[in-house]
Amino acid sequence: MMVCVYEIWQEARALLGRLEYQRGNVEAALHVFDGIDLQVAIQRLQPSFSEKQPSRKGRSRGDSQHAVSQHSASLVLEAIYLKAKSLQKLGRLNDAAHECKRVLDAVEKIFHQGIPDVQVDNRLQDTVRQAVELLPELWKQAGCYHEAMSAYRRALLSQWNLDDDNCSRIQKAFAVFLMHSGVEAGPPSLAAQVDGSYVPKHNLEEAILLLMILVRKFYLGKIVWDPSVLEHLTFALSLCGQTSVLAKELEEIMPGVFHRVDRWNTLALCYSAAGQNKAALNLLRKSLHKHEQPDDLIALLLAAKICSDDSHLAAEGVGYAQRAITNAQGRNEHLKGVAIRMLGLCSGKQATISPSDFERSHLQSEALKLLDAAISLEKNNPDLLFELGMLYAEQRNLNTALRYAKRFIDATGGSLLKGWRLLALILSAQQRFSEAEVVIDAALDETAKWEQGPLHRLKAKLKTSQSLPIDAIETYRYLLALVQAQRKSFGPLRSVSQAGDDRVNEYEVWHGLADLYSRLSHWKDMEVCLGKARELKQYSAEVLYTEGVMLQGRGQVEEAMSSYINALLLDPSYVRCKILIGALLSKRDSNALPVARSILSDALKIEPTNRMAWYYLGIIHRVDGRIADAADCFQAASMLEESDPIENFSSIL
């Protein structure tokens, strides 16, 4: 009798407290809730779930007692939950979190095997679901981030009988917390891991896993579409460079969820970031069709950017950039500088395949004017500074190029390798080899070990230019040691894709060493290095060219010519082979001179600043009796020799 009265008193306090809370009297509600004893409710409800269910004949009385116990306990649990909410509103967040945790601890004591799908009071289930969702939020608000992490994992790994919407909200909140909290969670405890299941290694992986689960739930129709989930997934996958995975997720979203043009544009961004420019441009062409959204500024700029990387698409890119300039008005006027820059880049790329010298010169001049106009609008844009430096360097305006290269390094704090390489190449073109070496040494101090490959190769070429071949060979030996260390870090079973991502490229090291031995006429050593390079890249125009140099050095002229021709079959625009083919043909009878002149002229269309092409073209003109033309070619070769870098500027890109 006394127990029954006490339970009625507890229920009355729970009901009174809920009424005060609903009226907004938080402090009064808290005062009422303080007198409720949670342990009595646990003891009262726990036996009713641990006892064996009665037979069907005697179930009515047992079921009645069971329902009464659940109702009483659910009122008490709800009261403790509302107590936590009251403490939250009063700013007592730690106390609120502890009270909310008491609710969940009590439920786990009552239901040892997790909450069953049936025979649970709806109010009790609602209280549990709300408490599970509230606890991590309380810990976050209290600044207890590790406790919040544990609460999220407890919510998702324990059997609370959550519905899909409730579980999805927790998963989304946990994913956002993992990405932005700044607290490294580490993998779940071993007790929570299932044999054979994937275990995320860090916060970002765990967040991506949760977000992809949410997207999958939407595909299966379990939850309604939430655009913010895709936004968070886009951010997470972009951080780790997995935009191709994001593209796959976007392709699986059913039509009608969002506009097709938005899907095309987002997919184009994903494919472009993944290096699949052809697929990206095809999507943008659909997006910018006259019947879709032809004036979308971002799509126009992206299309122009993609076209600026390919000389055969540059003319198409000019059209996109001009349309972008026209549409960069009003609230989008701040993008006008970007549009002008894209137009300048496309014009410069278009010049490289121009059929006439006049048109090429005009396009190059126009490109410089446009980039200068863009820099007046975007004075601190490091990409623009680098592009201007490259363009001036390729046109041999070395003093101006040097100024832009220095500005680029200042703007980026020396954090980008390409800035140091450009500066060193410009100094080498000015024949300031010792200063270029100082720049390389400074760059090595600022660069991680695995990223130093291009710098060391450049240093080796500087040593060669200063007639220090032994020092150059030592530099290549150091690079080979780095290659060995890099291979050990991956292990013997590394994949082809991993080998392609090596920062110290073994193929380039062996090929560079072979090229160095060819300058020294050490043909046997060169042959060994070429063999190593061929093992790594069997079909390479560079290897065939170097092999031709070796054969020519040994006096095997016809075999050398075959190697050069084979190299051109692999890469028709390989200038070094064109030059040597033209040089060999110039030594034959007069019938071969027109072919040699045509090949060398073609080489100069690709690389107008190649001094060797001008030199051999001058020889052909001299043999053919065109003395004035020969003099002009020799003069051009002489001028270019004075500003010839140790490596083509285009090698930086």
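For the protein chain, an unreviewed UniProt entry supplies the name Protein NPG1 and the organism Populus alba x Populus x berolinensis.

Caption draft 1: Expanded view of the packing of helix 29 (residues 575-586) against helix 31 (residues 611-623). Where helix 29 contacts helix 31, the two axes come as close as 10 Å, and the packing angle between them is 20 degrees. Comparing the axis directions of helix 29 and helix 31 gives the class roughly parallel. Considering the relative orientation of helix 29 and helix 31, their crossing is left-handed. Contacts from Ile579, Gly582, Ala583 and Ser586 of helix 29 reach helix 31 at Met612, Ala613, Tyr616 and Ile620. When grouped by side-chain class, the residues that make up the contact of helix 29 with helix 31 number six nonpolar, two polar and no charged.

Caption draft 2: The arrangement of the UniProt feature "repeat: TPR" (unreviewed entry) in the protein chain in detail. Sequence positions flagged by UniProt for "repeat: TPR" (unreviewed entry) are, in local numbering, residues 541-574. Note that residues 541-574 is 79% helix and 0% strand, and that its end C-alpha atoms are spaced 7 Å apart.

Caption draft 3: Region of interest: unusual backbone geometry. In this structure, Arg396 is a non-glycine residue whose phi angle is positive, near 65 degrees. Within the secondary structure layout, Arg396 lies in the loop between helix 18 (382-394) and helix 19 (398-412). Even without a glycine there, the phi angle at Ser467 is positive, about 60 degrees. Along the polypeptide, Ser467 turns up in the loop between helix 22 (453-465) and helix 23 (469-490). When its relative accessible area of 61% is taken as the criterion, Ser467 is described as exposed.

Caption draft 4: Representation of the environment of Ala351. With respect to the element layout, Ala351 can be found in helix 16 (residues 336-351). Measuring from C-alpha to C-alpha, the distance between Ala351 and Leu363 comes to 5.4 Å, with twelve residues separating the pair along the chain. Not counting residues up to four positions away in its chain, the partners in contact with Ala351 are Arg360, Leu363 and Gln364.

Caption draft 5: Quick peek at helix 32 (residues 627-641). Between its first and last C-alpha atoms helix 32 spans 21 Å; for 15 residues at 1.5 Å apiece the expected length is 21 Å, and the two agree. Among all positions in helix 32, only Ala630, Cys633, Ala636, Ala637 and Leu640 are buried. Around the axis of helix 32, the buried residues are gathered within 125 degrees of arc, so they sit on the same side. Summarising the geometry of helix 32, the exposed residues directed more than 90 degrees from the buried face are Ile627, Ala628 and Met639. The inward-facing, buried residues of helix 32 abut helix 31.

Caption draft 6: Layout of the environment of Ala367. The topology assignment puts Ala367 in helix 17 (residues 357-377). Exposure remark for Ala367: the relative accessible area of 0% places this residue in the buried category. Taking the C-alpha atoms as reference points, Ala367 and Lys349, 18 residues apart in sequence, are found 8.8 Å from one another. Excluding residues within four positions of it along the chain, Ala367 makes contact with Gly344, Ser347, Gly348 and Leu391.

Caption draft 7: Here's a closer look at the packing of aromatic side chains. For the coordinates displayed, the defined rule picks out eleven aromatic pairs. Measuring from centroid to centroid gives 6.2 Å for Phe218 and Tyr219, while their planes differ by 55 degrees, and the two rings are tilted. By relative accessible area, Phe218 is classed as buried at 16%. Centre to centre, the rings of Tyr615 and Phe634 are 5.9 Å apart; their planes meet at 50 degrees, and the pair counts as tilted. Taken together, the residues span a long stretch of sequence, with Tyr615 in helix 31 and Phe634 in helix 32 at a distance of 19 residues. The exposure class assigned to Tyr615 is partly exposed, which follows from its relative accessible area of 35%. The partly exposed category is assigned to Phe634, whose relative accessible area is 25%. Among the aromatic residues, those joined into a cluster by ring pairs are Tyr145, Tyr152, Phe174 and Phe177. Across the ring face of Tyr404, the terminal group of Arg403 is positioned such that the distance to the ring centre comes to 5.5 Å. Sitting over the face of the ring of Trp450, Lys449 holds its NZ or CZ atom 4.8 Å from the ring centroid.

Caption draft 8: Region of interest: the pattern of salt bridges. Taken as a whole, this structure holds 37 salt bridges when the rule is applied. The shortest N-O distance in the salt bridge between Lys459 and Asp441 comes to 2.9 Å. Residue Lys459 is located in helix 22, and its partner Asp441 is located in helix 21 (residues 433-446); the two are separated by 18 residues in the primary sequence. Lys459 gets classed as buried once you look at its relative accessible area, which sits at 16%. Judged by relative accessible area, Asp441 falls into the partly exposed class, the value being 30%. Where Lys461 meets Glu647, a salt bridge forms, and the shortest distance between an N and an O atom there is 2.6 Å. Highlighted residues: Lys461 in helix 22 and Glu647 in the segment after helix 32, separated in sequence by 186 residues. Lys461 sits in the partly exposed class, given a relative accessible area of 26%. Counted as one network, the salt bridges with shared partners bring together Lys101, Asp105, Glu108 and Arg154.

Caption draft 9: Inspection of helix 21 at higher detail. Across its 14 residues, helix 21 extends 20 Å between first and last C-alpha, which sits within 8% of the 20 Å expected from 1.5 Å per residue. On its buried side, helix 21 packs onto helix 20 (417-429) and helix 22.

Here is what the cut-offs are and how they apply
- Residues numbered from 1 in each chain as written.
- Predicted model: local features only at pLDDT ≥ 70, side-chain atom pairs only at ≥ 80, totals over all residues.
- Heavy atoms only, no water.
- Axes fitted to C-alpha atoms, helices over the stretch in contact; angles between N-to-C directions.
- Helix = DSSP H or I, 4+ residues; strand = E, 2+ residues; numbered from the N terminus.
- Parallel < 35°, antiparallel > 145°, perpendicular 65-115°, else oblique.
- Left-handed = near helix turned anticlockwise from the far one by under 90°.
- Contact = heavy atoms within 4.5 Å.
- Nonpolar A, V, L, I, M, F, W, Y, C, P; charged D, E, K, R; others polar.
- UniProt positions renumbered as here; feature names shortened; annotations may be inferred.
- Buried < 20%, exposed > 50% of the residue type's maximum accessible area, 1.4 Å probe, protein only.
- Expected span 1.5 Å × (residues − 1).
- Arc of directions from axis to C-beta.
- Phe/Tyr/Trp six-rings, centres within 6.5 Å; stacked < 30°, edge-to-face > 60°.
- Lys NZ or Arg CZ within 6 Å of the ring centre and 35° of its normal.
- Salt bridge = Lys/Arg side-chain N within 4 Å of Asp/Glu carboxyl O.

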